[in-house]
Amino acid sequence: MVLKNVKSAVVFMFLLFATVNAFAVEEGGATARQVVEKFQADLIAVMKDGKKLGYAGRYEKLKDPVSNSHELTKIARIVVGKEWEKLSEEQQQKLVDVFSRLSIASYAHNFKDYSGESFVFDSEEETTRGGVVVHSHFVVPDDKPVKFDYMLKEKGNSWRIINIIANGVSDLALKRSEYTTILQREGFDALMTKINEKIDNYSKQ
Amino acid sequence: MPMNRPHNGKRSVKMQQTFSGILIGAAIALSGCATTGVVEQPTVANKTDPYENFNRKMFGFNDHVDNYVAEPISNAYKWITPQFMQTGVFNFFNNLKNVNVVINDVLQAKFSQSAEDTGRLAINSTVGLGGLFDVAKHVGLEQNEEDFDQTLAVWGVPQGSYLVLPILGPSTARGIPGAVFDTAANPASYVGMPVQLVSMLNARASAEGALKFIDEAALDPYVFTRESFLQWRNNLATDGKAEASDVDGLDDEALDGDKGVASGQGSSGDVNAGNKAGLALSLDANTKEIRQVSHSFSSVAQSFDNTAKSFEDAGTKVDAFKKSKRLR
């Protein structure tokens, strides 16, 4: 009888902890996988309405999903590497603004419309430095799927996307090489001009 | 953050192909984006690209060739040739490439993959009417990307410096012997001029999507091409296993950089890192370039030596393998 009581006490304790844990997860904001899947769902939704919305409509609709799931300030900082420290505060702010606009614009440009595409979650792994990589792939009807790996870091009590690796090509590394090269060769103003040109081109097509 | 990906039905197919290895390869080989107008000046050396100034000039030259010769011819080809024929031509040359894929599967000891790829080659060469139809894809045999450069990577040969070759486009010190072998192992190399010409037209036409993407997305087309080429090759050589840790390192490096600058050691740390990578970065601007060049040449020579050694090693391995078989 005593044994039975102890047993049920232990079970009860477990249940208690389990509930507490469940609450902790809910209060602690979305997990890395949830952040990625929410963003992908938003993206697919915009694609489905893509034609109707037009470029400007897609841009408006994607603004929040992109800003809320991506750590744009940190990304902008990483892509200019050590040059960041050489920029004035005003330039840093300008870079973050322009870079954020470019990120949203390129989504709005590249995800124009819908022909049965979908994202599929594959797996999730923790990296040695406390990040999480969410492996997924983008299914395109009648074609090879594209691998999308999202690298996330914890920010406050939520996770934010910091890099996207499409079929093995890292967006962050690619941009970093480009931006640091332009800063070194041609300077800050040239970089801003070039990014603004890209945003303009995206809005036209 | 923008990503390299598809937009709509028709385009998504194109953009998809952007990622399929062949296309990026071909695209980059024929890469076309303007680099003229950029002021040529010595820049901070990238450790994989010590010949950046030369490479940029070659990139510009290739771009002109593409704009004035390759692109117009390719557009004419696409205009006069119906889509089903273009697909047939693409499939035909792709199928011939599988001879090389199978050889390299074996050299990398990917035996089950080599069986699949042999099956792919056999099905497409017979049922697929000499490779014109990609029947194997419909029975679930996907095209694998293997070549001799990847085999050398698997054998441990270092990549060496990034090089832009005239007409042929981006490559590396290791990629050159790789490409020689690939050409030798491709049946299309042994036929006459008309076939070769169609093969080139096919390569340029298939690269269209990728070239367009570079045009749209690149701020500095030269750097964009170099980085995506090197990352794509690395991803192929490691069969996609390298990415996560690399990116983590990148992030970490950036954060370290911040700390370094805060303590006033940022730039000197950079120079040390360069030295470690075997690149002499002298602070004296006059001797800098010369020293880099001489170092890079010796590293190219080293790559060749390593290649030769890898061959010997492979020979020993095959012998050992034979022996162990005999014992059994």
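Keep in mind it's a predicted model, so treat the numbers as computed, not measured.

A. Examining the overall build of chain A more closely. Broken down by element type, chain A carries seven helices and five strands. Its helices and strands in sequence order give chain A the pattern α-α-α-α-α-β-β-β-β-β-α-α, from N to C terminus. Expressed as a percentage of the 205 residues in chain A, the buried residues total 39%. Taking the intrachain contacts of chain A between residues at least 6 apart in sequence as the baseline, contacts between residues at least 24 apart amount to 58%.

B. Inspection of the overall build of chain B at higher detail. When its secondary structure is counted, chain B shows 14 helices and two strands. Looking at chain B residue by residue over its 328 residues, the buried ones come to 38%. In chain B, of all internal contacts separated by at least 6 residues, the share reaching a separation of at least 24 is 70%.

C. Local environment of the pairing of strand S4 (residues 158-166) of chain A. All names here are of chain A. Along S4, seven of the nine residues are buried, which leaves the element largely enclosed by surrounding structure. Note: strand S3 (residues 146-155) against S4, eight bridges, orientation antiparallel. The residue bridging lysine 153 from the neighbouring strand is arginine 160, located in S4. Hairpin connection from S3 to S4: two residues lie between these consecutive antiparallel strands, with glycine 156 at a positive phi of about 60 degrees. Where S4 folds back on strand S5 (residues 169-170), the antiparallel hairpin that results is connected by two residues, among which asparagine 167 adopts a positive phi of roughly 45 degrees.

D. Spatial organisation of the confidence of the model for chain B. Residues and elements named next belong to chain B. Within chain B, residue pLDDT values average 74, and 60% of them lie at 70 or more. In this model residues 1-43 is a low-confidence stretch, pLDDT under 50, and it forms 125 contacts with partners more than four residues away in sequence or in other chains. With a pTM of 0.71, the predicted complex shows an ipTM of 0.80.

E. Fine view of the sheet that holds S4(A). Residue and element names in this part refer to chain A. The antiparallel open sheet is built from five strands, whose spatial order is S1-S2-S3-S4-S5. Two strands lie at the open edges of the sheet, namely strand S1 (118-126) and S5, each paired on one side alone. Both S1 and strand S2 (residues 132-139) contribute to a ladder of eight bridges, which runs antiparallel. Of the residues in S2, the one forming a bridge with glutamate 124 is valine 134.

F. Expanded view of the nonpolar core. Judged by nonpolar contacts, the single largest core of 74 residues is most densely connected at Tyr150(A) and Leu152(A). Other than its neighbours up to four places away in sequence, Leu152(A) contacts Ala32(A), Val35(A), Gly131(A), Val132(A), Val134(A), Trp159(A), Arg160(A), Ile161(A) and Ile162(A).

G. Spotlight on helix H9 (residues 193-206) of chain B. Helix length check: H9(B) (14 residues) gives 20 Å between terminal C-alpha atoms against 20 Å at 1.5 Å per residue, within 8%. Those residues of H9(B) that sit buried are Asn202(B), Ala203(B), Arg204(B), Ala205(B) and Ser206(B).

H. Broad picture of helix H3 (residues 52-80) of chain B. Residues and elements named next belong to chain B. Taking 1.5 Å per residue as the helical rise, H3 with its 29 residues ought to reach 42 Å, and the 39 Å between its terminal C-alpha atoms agrees with that figure. If you look at H3, its biggest bend is around 50 degrees, right at aspartate 66. Considered for burial, the residues of H3 that qualify are Glu52, Arg56, Met58, Phe59, Gly60, Asn62, Asp63, Asp66, Ala70 and Ser74. Looking at the packing, one finds that the buried side of H3 touches strand S1 (162-165), strand S2 (169-172), H9 and helix H11 (221-237).

I. Geometry of unusual backbone geometry. One non-glycine residue, Asn167(A), lies in positive phi territory at about 45 degrees. Along the chain, Asn167(A) turns up in the loop between S4 and S5. Among the residues examined, Asn167(A) registers 26 C-beta atoms within 10 Å and is labelled buried. Its identity is not glycine, yet Ala109(B) carries a phi of approximately 60 degrees, on the positive side.

J. Structural view of the environment of Met47(A). Residue position: Met47(A) is located in helix H2 (residues 32-48). The class for Met47(A) is buried, based on 21 C-beta atoms found within 10 Å.

K. Geometry of the packing of helix H3 (residues 50-69) of chain A against helix H5 (residues 89-110) of chain A. All names here are of chain A. Relative orientation of the contacting elements H3 and H5 amounts to 125 degrees, with a least axis distance of 8 Å. Between H3 and H5, the angle is such that the two are oblique. Seen from above, H3 lies across H5 with right-handed handedness. Of the residues in H5, those touching H3 at Tyr55, Arg58, Tyr59, Leu62, Lys63, Val66 and Ser67 are Ser100, Ser103, Ile104, Ala105, Tyr107, Ala108 and His109. Of the residues belonging to the contact of H3 with H5, the class tally is eight nonpolar, four polar and two charged.

L. Molecular detail of the environment of Arg56(B). Here Arg56(B) lies in helix H3. Linking Arg56(B) and Val223(B), residues 167 residues apart in sequence, is a C-alpha distance of 9.2 Å.

M. Local environment of the pairing of S2(B). Residues and elements named next belong to chain B. Inspection of the sheet shows S1 paired to S2 by four bridges, in the antiparallel sense. Looking across to S2, one finds that valine 164 is bridged to proline 170. Here S1 folds back onto S2, and the loop between the two strands holds three residues, one of which, isoleucine 167, carries a positive phi near 65 degrees.

Calculation notes
- Residues numbered from 1 in each chain as written.
- Chains lettered and ligands numbered in written order.
- Predicted model: local features only at pLDDT ≥ 70, side-chain atom pairs only at ≥ 80, totals over all residues.
- Helix = DSSP H or I, 4+ residues; strand = E, 2+ residues; numbered from the N terminus.
- Buried ≥ 20, exposed ≤ 12 C-beta atoms within 10 Å, placed from the backbone.
- Contact = placed C-beta atoms within 7 Å.
- Pairing = 2+ DSSP bridges.
- pLDDT = per-residue confidence, 0-100.
- Core = buried A, V, L, I, M, F, W, Y, C linked by C-beta atoms within 7 Å.
- Expected span 1.5 Å × (residues − 1).
- Bend = angle between axes of the 7 residues up to and from the residue.
- Axes fitted to C-alpha atoms, helices over the stretch in contact; angles between N-to-C directions.
- Parallel < 35°, antiparallel > 145°, perpendicular 65-115°, else oblique.
- Left-handed = near helix turned anticlockwise from the far one by under 90°.
- Nonpolar A, V, L, I, M, F, W, Y, C, P; charged D, E, K, R; others polar.

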